[in-house]
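Observations on the model geometry
Spelled out, the chains give:
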Amino acid sequence: MLNLIHQNPMYRGFRMKQKGPQIKHLSFADDVIIFTSTDRHSMKIIMNTLKEYEHTSDQLINKEKSHFMIPSNTSQNIIDSIQEVTGFSKKDSPITYLGCPLYIGRQRIIYYSHLVEKVSKKICGWQGKILSFEGKITLIKHVLQSMPIHTMFAISPPNTTIKYIESIIADFFWGRDQGKRKYH
């Protein structure tokens, strides 16, 4: 149903660039992200499509779990209009979708803190164990380096984040001596 929205001549979709392709939606299982302009008529077309889906499938859309994201400089009139038409609440950027941060604007290191935190938590669990260099290498190659792969395939984290993860892994491998890094 969402694939047919762009055929409606009254629908104004979302474009990343002025002459770029229209992005309509992303979906995975029962999660859907819909992209649209703030045109009131376009939002009504989407809401009518969602109502038609509810009627056809006998599944209801949970409006309490449904949100919209807009740039921070959007006027309050547009925000109120979106809330009135959709019944959804505004959510600030970033949100996480399938483990990847979705945000409006430029990339920020803080959006990838969950990735660094996951690696750090794994290492903290291993710190107390006595591991040989071979054991550490195995854990690094098969556990730590595979953790951020999904995110890195979907999007490119900032180089600072990647270097910080590499630093954490190097500290785990080589160890610390009285709070200072060991020579390596």
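Right, let's walk through the structure included here. (Residues numbered from 1 in each chain as written. Predicted model: local features only at pLDDT ≥ 70, side-chain atom pairs only at ≥ 80, totals over all residues. Heavy atoms only, no water.)

Let's talk about the overall build of the protein
Our working definition: Where helices and strands are cited, they refer to DSSP runs of H or I of at least four residues and of E of at least two residues respectively, numbered from the N terminus. The contact rule is simple, with two residues in contact once any of their heavy atoms fall within 4.5 Å. Only the protein chains shown count as cover for residues, and all accessible areas are computed by the Shrake-Rupley method using a 1.4 Å probe.
Each helix and strand in the protein was counted, giving 6 helices and 10 strands. Here the C-alpha coordinates of the protein stretch approximately 65 × 35 × 30 Å along the principal axes. Restricting to contacts in the protein with at least 6 residues of sequence separation, those with at least 24 account for 54%. Counting only carbon and sulfur atoms, one obtains 54% of the accessible surface of the protein, whose full area is about 13200 Å².

Points about the pattern of salt bridges
Formally: The salt bridge definition used is simple: a Lys or Arg side-chain nitrogen within 4 Å of an Asp or Glu carboxyl oxygen. Accessible area is worked out with a 1.4 Å probe on protein chains only. A residue is then buried under 20% of its type maximum, exposed over 50%, and partly exposed in between.
All told, the structure shown has 3 salt bridges when counted by the stated rule. A salt bridge links Lys-90 to Asp-92, with the shortest nitrogen-to-oxygen separation between them at 3.1 Å. In this structure, the salt-bridge partner of Lys-121 is Glu-117, at a minimum N-O distance of 3.4 Å. Pair noted here: Lys-121 and Glu-117 are both in helix α3 (residues 113-127), with a separation of 4 residues, about one helical turn. Judged by its relative accessible area of 56%, Lys-121 is exposed.

Description of the packing of α3 against helix α6 (residues 159-174)
Stated formally: Axis geometry follows a simple rule: fit a line to the C-alpha atoms, using only the stretch in contact for helices, then measure angles between N-to-C directions, giving values from 0 to 180 degrees. Each angle is binned into one of four classes, with values under 35 degrees roughly parallel, values over 145 roughly antiparallel, values of 65 to 115 roughly perpendicular, and all other values oblique. Any residue outside Ala, Val, Leu, Ile, Met, Phe, Trp, Tyr, Cys, Pro, Asp, Glu, Lys and Arg is labelled polar, Gly included; the first ten of those are nonpolar and the last four are charged.
The N-to-C vectors of α3 and α6 enclose an angle of 5 degrees; their axes lie 10 Å apart at closest approach. Regarding the angle of α3 to α6, the classification is roughly parallel. Touching Leu-115, Val-116, Val-119, Ser-120, Ile-123, Trp-126 and Gln-127 of α3 are Thr-161, Tyr-164, Ile-165, Ile-168, Ile-169 and Phe-172, all from α6. For the contact of α3 with α6, a count of residues per class yields 10 nonpolar, 3 polar and no charged.

All we've got here are geometric facts, nothing functional implied.
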